[in-house]
Amino acid sequence: MDISFILQQIVNGFSLGSMYALIAIGYTLVYGVLRLINFAHGDIMMVGAFMAFIFLGILTGWKFDNISMPIFSTAVFFSIIVTSIVGVLTYLVAYKPLLEKGAPKISLLITAIGISFFLESVFNVIANQYLGGNYQSFYFPKFFSKIIHIGNITIPILTIIVPIMTLALLGIVLFILYKTKVGIAIRAIAFDMHTVKLMGADANKIIAFVFILGSALAAIGGVSYAMAYPSIDPYMGVLVGLKAFAAAVVGGIGSVTGAVIGGFILGFVEVAIPGFFPELGGWKDAFAFILLIFVLLFKPTGIMGIDFERQRF
Amino acid sequence: MMKIKTLSAKEYFSLIALITAIFIAFLYFSPKIFSDYTLTVLGNIYIFIILAISYNLINGVTGQFSLEPNGFVAIGAYVTAILMLSPEIKSQMYMLTEPLPLIKDVYIPIPFLALLISGLLASLVALTLAFPVFRVRGDYLAIVTLGFGFIIRIFLINTPSVSNGSMGLDSIPGFASYFLIGLISLISVILVYNIVYSRFGRAMKAVRDDEDAAMAMGVNTFKIKTIAFMTSAFFEGVGGGILASSIGSISPDQFTFMLTFQLLIIIVLGGLGSMSGAILATFLFLGGMELLRPLDDASWHFGFIHGIPGLRMVVFSLILLLLMLFARRGLLGDKEIWDYIKLKIKK
């Protein structure tokens, strides 16, 4: 086993892991404030990828030729906005009325599954009816697929950009959480929502902001995912979303840094095990859940070790 | 509001006797009345009743949100298929690789025994899942069981020496006649009813309504949740075995999350925790599936509405969302239909 092969695996693991991390942050934020596994989050990521695709199509007249950087950034920007709106709508239309009625948690979880299925089937219909098929190739500027050679390692630029972007976004999220007023409010809600309401803060607005933040990150994650496997389909979010949740639990649910660490670990595991034991390649999608079960068995609080019944973020 | 008690022993036995007599008579005469197509749909409904009431046991009665049915149904279907197929047929059928010696040689062509083993294996798997999951509070059960469904599928596709890979198994002996499906369904309903209204059932409801209080009253919540999960898995395994036999061929793609989603809609529609509600909702849902079939058909028109492939699932997920928002208690809430009848009579 030569060193360049290992380095190559590490780079790939970083890249895959950062996509899981971007989605896991959204899970962990929503779990923090509502104690709810937002099953629809993976599909929010799918919405992000599809919206980027649709805006790219509109901007290039559905030809997808010579996409320049400005066009691409505009499309991604609009995709982030639309995805955030979809994300916050899921809260306002579905979760909020249930929370106000004091519905048991099982109702919230069933609703989450319902939203997830709803988004999948709606985009399934849209893709089949208007885009001409379930599977679509995802186009992006040629710049991202340029390949850099360092010694024996070949790295597409995308593989470097995504982890750097993830770490930068993690910095922004941590800044929002710890240095701004909204962040203080979010952490306070995670700690005790009723007291926050008694203090006169509008809990609804803050939770809505959490959904916007999580959905925006999911949209970025979705676009990077679509670029890495240059294709999209309405069911792409299911498995990725589940794995990202597993990553969030591995890292310690409720902790943003933990979510990113968990995402990177999962990325490494998924790249390294098939890399070193090719015969296990078909089992790749099962690793996340096996990892999850082991974490639940031996360290239910996850790596960051936060007792999620008491403290958060 | 008047307090509703469960049926007294006398009422219970007369109800069971009545339902059994009517249902067996119905099973006996229906081949003479209905067409083959109707019988197939009815048989399908009976299988779904087994799955729905057992799914209701963990989700509705015990209140632990779980998304497992597709995994356990797949286990049951494959175990029954492997047990019922003779070694000669299996060595011909496994084309990708030779089947493992154990898989090849095991041959138990007795339907009831095969179904029993399928159920027991499924509940054994449930036990191994329950151990890591129920140790922690919270809603990990949902995500672990959802992941478990994926793992089962990945396992079936990637180990051709056990499951014949993505090609699946076919020519499974069709022991599941219409009459037998109905009979097993009836037995399952009676068994699950007895569990729900037994000491264990009361403990399960206590766990659902307030886990802390149940614990304080001396209920071993871990044990109760595990028993509920294993029982649920047992009946899902049995249901999977019957499904395999009644369809005749199985492949990993039949047991996707879609199956779980359909069952979820059924138990929410019927009212979480109500057995008769689940049975009623199975009829309504599968009937509705047949009625809404045109929505998936591109050539169908009704005014400006026209069918688009996949539209049916949009409608069903919307129904689930609306049910959760506006009619969370479903058709019957967590009560049984005879509770309502009793209330009416007393008034």
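Just so we're clear, the structure is a prediction, and the values are computed from it rather than from any experiment.

Across its full length, chain B carries 16 helices and 2 strands. On C-alpha atoms alone, chain B measures out to a radius of gyration of 21 Å, which is about the 20 Å that the 2.2 N^0.38 rule sets for 347 residues. Here chain B holds 347 residues, and 47% of them are scored as buried. Long-range contacts, defined as pairs at least 24 residues apart, comprise 80% of the intrachain contacts of chain B with a sequence gap of at least 6.

A separate point is the overall build of chain A. Counting its regular elements, chain A contains 11 helices and 4 strands. The 313 residues of chain A split such that 50% are buried. In chain A, 76% of the contacts between residues at least 6 apart in sequence involve partners at least 24 apart.

Moving on, we get to the interface of chain B and chain A. Between chain B and chain A, the contact holds 35 residues from the first and 36 residues from the second. Breaking the side of chain B that touches chain A down by element, the ones donating at least two residues are helix H6 (111-135), helix H7 (140-158), helix H13 (257-270) and helix H15 (311-326) of chain B. Along the lines of polarity and charge, the residues of the side of chain B that touches chain A split into 27 nonpolar, 5 polar and 3 charged.

A word on the environment of leucine 284 of chain B. One can find leucine 284 of chain B in helix H14 (residues 275-291). Considering only alpha carbons, one finds leucine 284 of chain B and isoleucine 266 of chain B, 18 residues apart in sequence, at a separation of 8.4 Å.

What follows concerns the nonpolar core. Ranked by internal contacts, the top residues of the largest apolar core, which has 205 residues, are Ala49, Ala246 and Leu292 of chain A. No other element matches the 15 residues that helix H1 (residues 3-34) of chain A contributes to this core.

This part takes up the confidence of the model for chain B. Overall, the prediction assigns chain B a mean pLDDT of 86, with 97% of residues at 70 or greater. Under the prediction, the complex receives an ipTM of 0.86, its pTM being 0.88.

So, about the environment of phenylalanine 222 of chain B. Residues and elements named next belong to chain B. Relative to the helices and strands, phenylalanine 222 resides in helix H12 (residues 221-247). Among the residues examined, phenylalanine 222 registers 14 C-beta atoms within 10 Å and is labelled partly exposed. Between the alpha carbons of phenylalanine 222 and valine 136 there is a distance of 9.6 Å; along the sequence they are 86 residues apart.

With that out of the way, let us pick up H14 of chain B. All names here are of chain B. Helix length check: H14, at 17 residues, gives a terminal C-alpha distance of 24 Å against a target of 24 Å (1.5 Å per residue), a fit within 8%. Considered for burial, the residues of H14 that qualify are Met275, Ser276, Gly277, Ala278, Ile279, Leu280, Ala281, Thr282 and Phe285. Residues of H14 that are buried sit in contact with helix H2 (36-61), helix H9 (178-196), H13 and helix H16 (337-346).

Here the focus is H2 of chain B. All names here are of chain B. With 26 residues, H2 extends 36 Å from end C-alpha to end C-alpha; this agrees with the ideal 38 Å at 1.5 Å per step. Within H2, the axis deviates most sharply at tyrosine 55, by approximately 30°. After H2 finishes, the residue glycine 63 shows a positive phi value of roughly 70°.

Turning our eyes to something else, we now look at the pairing of strand E3 (residues 153-156) of chain A. Residue and element names in this part refer to chain A. Where strand E2 (residues 147-150) lies against E3, 4 bridges are found, and the strand directions are antiparallel. From the neighbouring strand, isoleucine 150 faces E3, where its bridge partner is isoleucine 153. If you look at the hairpin formed by E2 and E3, you'll find 2 residues sitting between the two strands, and glycine 151 has a positive phi there, around 60°.

Quick look at the environment of isoleucine 47 of chain B now. Residues and elements named next belong to chain B. Looking at where isoleucine 47 falls in the secondary structure, it is placed in helix H2. Each C-alpha atom, one on isoleucine 47 and one on phenylalanine 179, is 12 Å from the other, the two residues being 132 residues apart in sequence. Sequence-distant contacts of isoleucine 47, defined by excluding residues within four places in its chain, comprise Ile181, Gly239, Ile242, Leu243 and Ser246.

With that settled, the discussion passes to the packing of helix H3 (residues 69-100) of chain A against helix H8 (residues 203-228) of chain A. Residues and elements named next belong to chain A. Two numbers describe how H3 lies on H8: the axes approach to 8 Å, and their chain directions differ by 135°. When the axis of H3 is compared with that of H8, the two are oblique. In this structure, the crossing between H3 and H8 has a hand that is right-handed. Here Val76, Ser79, Ile80, Thr83, Ser84, Val86, Gly87, Val88, Tyr91, Leu92 and Lys96 of H3 come into contact with H8, specifically with Asn204, Ile207, Ala208, Phe211, Ile212, Gly214, Ser215, Ala216, Ala218, Ala219, Ile220 and Val223. By residue class, the composition of the contact of H3 with H8 is 15 nonpolar, 7 polar and 1 charged.

Residue and element names in this part refer to chain B. Between H2 and H13, the shortest axis-to-axis distance is 9 Å and the interhelical angle comes to 70°. When the interaxial angle is binned, H2 and H13 end up roughly perpendicular. Residues Leu51, Ala52, Tyr55, Asn56, Asn59 and Gly60 of H2 pack against Leu263, Ile266 and Ile267 of H13. A per-class count over the contact of H2 with H13 returns 6 nonpolar, 3 polar and no charged.

The rules we used
- Residues numbered from 1 in each chain as written.
- Chains lettered and ligands numbered in written order.
- Predicted model: local features only at pLDDT ≥ 70, side-chain atom pairs only at ≥ 80, totals over all residues.
- Helix = DSSP H or I, 4+ residues; strand = E, 2+ residues; numbered from the N terminus.
- Rg over C-alpha atoms; globule rule 2.2 N^0.38 Å.
- Buried ≥ 20, exposed ≤ 12 C-beta atoms within 10 Å, placed from the backbone.
- Contact = placed C-beta atoms within 7 Å.
- Nonpolar A, V, L, I, M, F, W, Y, C, P; charged D, E, K, R; others polar.
- Core = buried A, V, L, I, M, F, W, Y, C linked by C-beta atoms within 7 Å.
- pLDDT = per-residue confidence, 0-100.
- Expected span 1.5 Å × (residues − 1).
- Bend = angle between axes of the 7 residues up to and from the residue.
- Pairing = 2+ DSSP bridges.
- Axes fitted to C-alpha atoms, helices over the stretch in contact; angles between N-to-C directions.
- Parallel < 35°, antiparallel > 145°, perpendicular 65-115°, else oblique.
- Left-handed = near helix turned anticlockwise from the far one by under 90°.

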